[in-house]
Amino acid sequence: MKRRDFIKNTALSGAGLAVGSTIVSCSENKSKKTETEVSSISKASLPLVIATWHVEAATAKAMEILQAGGNALDAVEQGCKVEEANEKGQSVGKGGLPDRDGNVTLDACIMDKHGNCGSVVYLQNITHAVSVARKVMEDTPHVMLAGEGAKQFAISKGFQPEDLLTEASKKAWEDWKVKSEYKPIINIENHDTIGMLAIDKNGDISGACTTSGLAYKMGGRVGDSPIIGSGLFVDNEIGACVATGLGEEVVKTVGSFLVVELMRQGKSPQEACEEAISRIVNKPNSNYKNFQVGYIAVNKKGETGHYAIHQWFSMTKFHDGINQQIQSDFYVKA
Ligand code: ASP
């Protein structure tokens, strides 16, 4: 589906879900309407999964796991793997657009309900970066592995090395080289970093994200996606957030952590995403007209939010049997 065909739907936050006694008191500033909506929806409404962009196959995979009683961590890993394996998606895993030298380098991270996390940066030749990130989390005393070390670790865990540069991505890179214009591309079709957040039947939250990063980036460049707190943050008592877009701007404002902290202070996921975007665009001399950043977030109650600087960002949400892409509201209206 092309961007222009997207359903224009500015329903900004989904219906809430009550999570019984696990609800954390972060609601002092919430409107009465929100409280009523939330309390009228039962725990039976769980599970829930949201993801950046238009990735219904990925959210369907995650939901399959959640419906079968699986946990949110397995759901987000398996969901992200769907897009990593999808060679047509040129921003993630196999088929990702390369750096300016033609190397496909991947960044990914994952975070669980206990606050454990793992990430890989500048990983080459391994499609499922998100699964390597999970292995870093579970099988090492570290949080982050980079480059050749990350690749060798992956191979030691049984991952098969392969060439990630597909013919289509090679051709796109060769076309780019003609002009070699080094500037962020606001949306790569309908698909950039895949970030996914899930709440399982127990009400526990996990998140993951995976990307080949900025297309035609400098060799060695790492974005926000593997940086815990920037590309992703999960606090099982409050909620979670994941980012997409120009990673440098997300890192400078520690975006995902910011969104979760704003929710802790009582903002809804929607309000928190909007505030985090406003921190970027309202900086003195912000160049925001030339780059995109988008956030999606969920709180412990299952309320969701999503917001971006520019049009055409979207969130896919699978909840209550409906798996749909929802177009996001955005800052730059004219
Ligand atoms: N956030 C990613 C990065 O900066 C790229 C993207 O989401 O488009 O590497």
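Residues numbered from 1 in each chain as written. Predicted model: local features only at pLDDT ≥ 70, side-chain atom pairs only at ≥ 80, totals over all residues. Heavy atoms only, no water.

(A) Quick peek at the packing of helix 8 (residues 255-264) against helix 9 (residues 269-281). Direction vectors running N to C along helix 8 and helix 9 enclose 135°, while the axes themselves pass 9 Å from each other. It follows that helix 8 is oblique to helix 9 by the angle criterion. Remark: the crossing between helix 8 and helix 9 carries right-handed chirality. Within the contact between the two elements, helix 8 uses Leu258, Val259, Leu262 and Met263 and helix 9 uses Pro269, Ala272, Cys273, Glu275, Ala276 and Arg279. Looking at side-chain class alone, the contact of helix 8 with helix 9 contains eight nonpolar, no polar and two charged residues. (Axes fitted to C-alpha atoms, helices over the stretch in contact; angles between N-to-C directions. Helix = DSSP H or I, 4+ residues; strand = E, 2+ residues; numbered from the N terminus. Parallel < 35°, antiparallel > 145°, perpendicular 65-115°, else oblique. Left-handed = near helix turned anticlockwise from the far one by under 90°. Contact = heavy atoms within 4.5 Å. Nonpolar A, V, L, I, M, F, W, Y, C, P; charged D, E, K, R; others polar.)

(B) Layout of the packing of helix 3 (residues 72-85) against helix 4 (residues 129-139). Two elements in contact, helix 3 and helix 4, have axes separated by 8 Å at closest approach and are oriented at 150°. Packed against helix 3, whose contacting residues are Leu73, Asp74, Glu77, Cys80, Lys81 and Glu84, the element helix 4 presents Ala129, Val130, Ser131, Arg134, Met137 and Glu138 at the interface. The residue makeup of the contact of helix 3 with helix 4, split by class, is five nonpolar, one polar and six charged.

(C) Region of interest: the sheet that holds strand 13 (residues 329-330). If you trace the five strands from one edge of the open sheet to the other, you get 7-8-9-10-13, paired in mixed fashion. Either end of the sheet is taken by a strand with one partner, and the two such strands are strand 7 (232-235) and strand 13. Pairing analysis gives seven bridges linking strand 8 (residues 239-245) to strand 9 (residues 293-299), with the strands arranged antiparallel. In the sheet register, Val242 faces strand 9, and the bridge partner there is Ile296. Along the sheet, helix 9 contacts strand 9 and strand 10 (304-308); its crossing angle with strand 10, the most-contacted strand, is approximately 20°. (Pairing = 2+ DSSP bridges.)

Any functional reading would require information beyond the geometric quantities listed.
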